[in-house]
Amino acid sequence: MDTWRLGSERFQRKLCQVGSKYTKRYSDEYKRDAIELVRSSGRTVTDVARELGISSESLRGWVKKARAAEAAGSAGPAGVSADARDEELKRLRKLTLEQAKTIEILKKATAFFAKETDR
């Protein structure tokens, strides 16, 4: 496991052996720290990746996944999944249609009784 500092930040990189070659595997904590560094520093993904010694494409993928996860989490009320939102939308559309039909019936009834009182 490699450990180093970048400014006041401390980063750890874990290397795992896969087959006969060493493949870099990064901990979730390391990924979160790298993503936060990209967001807070105002620098490009490429610059941050170069300083950390990782592939810019890897870091770009992590940032993209983090943004997608945040977008999915913040798209609706806290803790509500997309499926639950879709079901709620379907239920509300059905209710709106029923209420529109009820309004039409009441309009016709009002017109009918208005004619009855004129006689």
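Description of the structure in this document. (Residues numbered from 1 in each chain as written. Predicted model: local features only at pLDDT ≥ 70, side-chain atom pairs only at ≥ 80, totals over all residues. Heavy atoms only, no water.)

## Let's talk about the packing of helix H1 (residues 28–41) against helix H2 (residues 45–52)
Next up, step 1: Running from N to C, H1 and H2 point in directions that differ by 135°, and their axes come no closer than 10 Å. Taken together, the axes of H1 and H2 are oblique relative to one another. Note on packing geometry: the crossing formed by H1 with H2 is right-handed. Residue-level inspection shows Tyr30, Ala34, Leu37, Val38 and Ser41 of H1 in contact with H2, the latter providing Val45, Val48 and Leu52.
Next up, step 2: Of the residues that constitute the contact of H1 with H2, the class distribution is seven nonpolar, one polar and no charged. (Axes fitted to C-alpha atoms, helices over the stretch in contact; angles between N-to-C directions. Helix = DSSP H or I, 4+ residues; strand = E, 2+ residues; numbered from the N terminus. Parallel < 35°, antiparallel > 145°, perpendicular 65-115°, else oblique. Left-handed = near helix turned anticlockwise from the far one by under 90°. Contact = heavy atoms within 4.5 Å. Nonpolar A, V, L, I, M, F, W, Y, C, P; charged D, E, K, R; others polar.)

## Focus on the nonpolar core
Nonpolar side chains in soluble globular proteins generally cluster together in the buried interior.
Next up, step 1: In this structure, Tyr30, Val38, Val48, Leu52, Ile54, Leu59 and Trp62 are the most contacted members of the largest nonpolar core, which totals 15 residues.
Next up, step 2: Elements supplying a minimum of two residues to this core: H1, H2 and helix H3 (56–74).
Next up, step 3: Considering each element in turn, this core owes the most residues, five residues, to H1. (Core = buried A, V, L, I, M, F, W, Y, C linked by side-chain atoms within 4.5 Å. Buried < 20%, exposed > 50% of the residue type's maximum accessible area, 1.4 Å probe, protein only.)

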